[in-house]
Amino acid sequence: QVQLVESGGGSVQAGGSLRLSCAASGYTYSSYCMGWFRQAPGKEREGVAVIHSDGSTTYADSVKGRFTISQDNAKNTLYLQMNSLKPEDTAMYYCAADPWVYCSGGYILAGLAWRDFGYWGQGTQVTVSS
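This write-up is about the structure you can find in this document. (Residues numbered from 1 in each chain as written. Predicted model: local features only at pLDDT ≥ 70, side-chain atom pairs only at ≥ 80, totals over all residues. Heavy atoms only, no water.)

**Concerning the overall build of the protein chain**
Part 1 of the reasoning: Tallying secondary structure elements over the protein chain gives one helix and eleven strands in all.
Part 2 of the reasoning: Compactness check: the protein chain gives a C-alpha radius of gyration of 13 Å against a globular reference of 14 Å for 130 residues, within 12% of the reference.
Part 3 of the reasoning: Look at the contacts in the protein chain between residues 6 or more apart in sequence, and 62% of them connect residues 24 or more apart.
Part 4 of the reasoning: Carbon and sulfur atoms make up 47% of the accessible area of the protein chain, which totals about 6300 Å². (Helix = DSSP H or I, 4+ residues; strand = E, 2+ residues; numbered from the N terminus. Rg over C-alpha atoms; globule rule 2.2 N^0.38 Å. Contact = heavy atoms within 4.5 Å. Areas by Shrake-Rupley, 256 points an atom, 1.4 Å probe, with all protein chains shown as cover.)

So, in structure tokens, the structure goes:
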């Protein structure tokens, strides 16, 4: 059984930082493409960051330079370090994984490609106040 559990969300002031975690179980972590997505009320779900099997990463323009995606293979955990948070970062954040999706950053972060991911966590809320 593949399971993803996010944690680390919360409420912070603009300019603050949070680190989200996504604990994965039930599969071989290294064989899956993994990424972070977010969805604000009334808005479409969008890709935030993706990490590839070789460790390379790709970020949405809106978070580039502020967010960092990383993974700890020993702990089978995905992270999203979020710095310099802005009110527009407020959203429910989800981690996702899939063994067969085309794991290209440009593709995963574009349009509705999030629909290709088969496994999702329950989400963790991030709220950034002015």
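**As for the pairing of strand β9 (residues 91-98)**
Part 1 of the reasoning: Most of β9 sits inside the fold, with seven of its eight residues counted as buried.
Part 2 of the reasoning: With seven bridges connecting them, strand β4 (residues 33-39) and β9 associate as antiparallel partners. Of the residues in β9, the one forming a bridge with Phe37 is Tyr94.
Part 3 of the reasoning: Across three bridges, the pairing between β9 and strand β11 (residues 124-129) is antiparallel. Paired with Met92 across the two strands is Gln125, which belongs to β11. (Buried < 20%, exposed > 50% of the residue type's maximum accessible area, 1.4 Å probe, protein only. Pairing = 2+ DSSP bridges.)

**So, the packing of aromatic side chains**
The geometry of two aromatic rings is summed up by the distance between their centres and the angle between their planes.
Part 1 of the reasoning: Throughout the structure, instances matching the rule amount to seven aromatic pairs.
Part 2 of the reasoning: With 5.3 Å between their ring centres and 70 degrees between their planes, Phe37 and Phe117 make a pair best called edge-to-face. With a gap of 80 residues between them, Phe37 in strand β4 and Phe117 in the loop between α1 (105-108) and β10 (119-120) connect regions that are remote in the sequence. Grouping residues by exposure puts Phe37 and Phe117 together as buried.
Part 3 of the reasoning: Relative to Trp120, the ring of Trp114 has its centre 6.2 Å away and its plane inclined at 80 degrees; by these criteria the two rings are edge-to-face.
Part 4 of the reasoning: An aromatic cluster of three or more residues is present, and its members are Phe37, Tyr94, Trp114, Phe117 and Trp120. (Phe/Tyr/Trp six-rings, centres within 6.5 Å; stacked < 30°, edge-to-face > 60°.)

**Re the nonpolar core**
Part 1 of the reasoning: Ranked by size, the top nonpolar core spans 30 residues in total, and within it Met34, Trp36, Leu80, Met82 and Tyr93 carry the most contacts.
Part 2 of the reasoning: Elements supplying a minimum of two residues to this core: β3 (18-25), β4, β5 (46-51), β7 (67-72), β8 (77-82), β9 and β11.
Part 3 of the reasoning: Beyond its immediate chain neighbours, meaning those up to four positions away, Tyr93 contacts Glu6, Leu20, Phe37, Arg38, Val48, Phe67, Leu80, Met82, Gly123, Thr124 and Val126.
Part 4 of the reasoning: Grouped together as the second largest cluster of nonpolar side chains are nine residues, Cys33, Ile108, Leu109 and Trp114 included. (Core = buried A, V, L, I, M, F, W, Y, C linked by side-chain atoms within 4.5 Å.)

**Details of unusual backbone geometry**
Part 1 of the reasoning: For Asn76, which is not glycine, the phi torsion reads 55 degrees and is therefore positive.
Part 2 of the reasoning: Considering the arrangement of structural elements, one finds Asn76 in the loop between β7 and β8.
Part 3 of the reasoning: One non-glycine residue, Ser84, lies in the positive phi region at around 50 degrees.
Part 4 of the reasoning: Since its relative accessible area comes to 40%, Ser84 is described here as partly exposed.

**What about the sheet that holds β7?**
Part 1 of the reasoning: Taken together, four strands build an open sheet; the order of strands is β1-β3-β8-β7 and the sheet is antiparallel. Strands with a single pairing partner mark the edges of an open sheet, and in this sheet they are β1 (3-7) and β7. When the angles between neighbouring strand axes are averaged without regard to direction, this sheet yields 15 degrees.
Part 2 of the reasoning: Note that β7 and β8 share six bridges and pair antiparallel. Residue pairing in the sheet places Ser70 in a bridge with Tyr79 of β8. (Axes fitted to C-alpha atoms, helices over the stretch in contact; angles between N-to-C directions.)

So yeah, pure geometry; function would need other evidence.
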